[in-house]
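Residue-level structural notes
Listed below, chain by chain, are the residues.
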Amino acid sequence: MNLEQLKKLKEKAQKQIALREGGKKYRVVVGMGTSGVAAGAREVMTTMLDEIEKQSLGSVEVCVTGEIGMVDAEPMVRVEETGGEKTVYGKVDVEGARKIVTEHLQKGKKVQKLAVGQAKEKE
Amino acid sequence: MFEELSQHILDIAMNSLSADATKIEISVVESRRHDRLVLRVRDDGRGMDADTLRRILATSASTKRSRRKAIGLGLAFLRQTSEMCGGRFAVRSATGRGTSVTASMRLSHIDRPPLGDLNATILALCAAEKKTAVQLNYRSDEEKLRFDSRELATKGAVHV
């Protein structure tokens, strides 16, 4: 690590904090347990944060959870619509993470190819 | 297994979040002069008693009852990495007094994984739990760098 990288980190974190304010339409939950991290969940998460920031999607909140119990489907991402449907995506890579942001979070269209199951129950 | 040490850090720090930490202090010391790399993750979470501590240091044990499928390999992985690379591994904890995980290794050891993307780890942690303060202290022979998510949060509030 060097000073340049630290500056970048501060800038990035600052931008992401700014996007936290306001009402949220979607909650994105990334599985960040040991198996998730080993499968690349961190890169998936930072890509999504990046993409959300680039597209200025203030209506999306990103958080994490631990192991879900579907280790073979990691990295996993769950998209929850406020008061609505939940979609679980599995084996998400960086490309898939971008797709989820542009398709699902931006346009409201699910990425069927990555979906592994859906809970019908509302929270 | 993890390819980067920064992934280990994220993994260990996720435990801190599960333990309801309000503050996570990550320190990374990289010294070519002493041929040493030391990682430490310290939190003010709920900590563990001596029995639990003994249990989690055995391979494949987890305190997370909510998930029956939790495997509990995170600490074991880091221990393996540090011991394999000529270092030591220690966990200190007491109920109500937080936990501190320290892993050292020989910087020049051929099996030592690269530090990797430390920024990604910190950003993921900051986003993971907004209320938890994330601090990074990085030190090398030449440099001393510090990141504190709370400093950003107060600056951010001015804009709002």
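See the structure printed just above.
In what follows, the accompanying structure is described.

Conventions we followed
Residues numbered from 1 in each chain as written. Chains lettered and ligands numbered in written order. Predicted model: local features only at pLDDT ≥ 70, side-chain atom pairs only at ≥ 80, totals over all residues. Contact = placed C-beta atoms within 7 Å. Helix = DSSP H or I, 4+ residues; strand = E, 2+ residues; numbered from the N terminus. Nonpolar A, V, L, I, M, F, W, Y, C, P; charged D, E, K, R; others polar. Pairing = 2+ DSSP bridges. Expected span 1.5 Å × (residues − 1). Buried ≥ 20, exposed ≤ 12 C-beta atoms within 10 Å, placed from the backbone. Arc of directions from axis to C-beta.

1. Digging into the interface of chain A and chain B
Each partner contributes residues to the interface: chain A has 31 residues there, and chain B has 35 residues. Secondary structure elements with two or more residues in the side of chain A that touches chain B: α1 (3-18), α2 (34-39), α3 (41-54) and β2 (60-65) of chain A. Sort the elements by how many residues they give to the side of chain A that touches chain B and α1(A) lands first, with 12 residues. The class makeup of the residues in the side of chain A that touches chain B is 15 nonpolar, 8 polar and 8 charged.

2. Things to note about the pairing of strand β6 (residues 144-148) of chain B
Look at any regular strand and the pattern is simple: side chains alternate between the two faces of the sheet. All names here are of chain B. Two elements, strand β5 (residues 133-140) and β6, share 5 bridges in a ladder whose sense is antiparallel. Bridge pairing in β6 places Asn 137 opposite Arg 146. The hairpin formed by β5 and β6 contains 3 residues between the paired strands.

3. Let's talk about α1(A)
Residue and element names in this part refer to chain A. Over its 16 residues, α1 extends 23 Å from the first C-alpha to the last, a length consistent with the 22 Å expected when each residue adds 1.5 Å. The complete set of buried residues in α1 reads Leu 9, Lys 12, Ala 13, Gln 16 and Ile 17. The arc that holds the buried residues of α1, viewed along the axis, is 135°, so those residues lie on one side. Facing away from the buried side of α1 by over 90 degrees, the exposed positions are Leu 3, Glu 4, Lys 7, Lys 8 and Glu 11.

4. Digging into the pairing of strand β2 (residues 36-43) of chain B
All names here are of chain B. Sheet analysis places strand β1 (residues 23-31) next to β2, joined by 8 bridges and oriented antiparallel. Bridging from a neighbouring strand, Glu 30 pairs with Leu 37 of β2. Linking β1 back to β2 in an antiparallel pair, the connection comprises 4 residues, with Asp 35 at a positive phi of about 50°. In terms of strand pairing, β2 meets strand β4 (residues 99-105) through 7 bridges, oriented antiparallel. Paired with Leu 37 across the two strands is Met 105, which belongs to β4.

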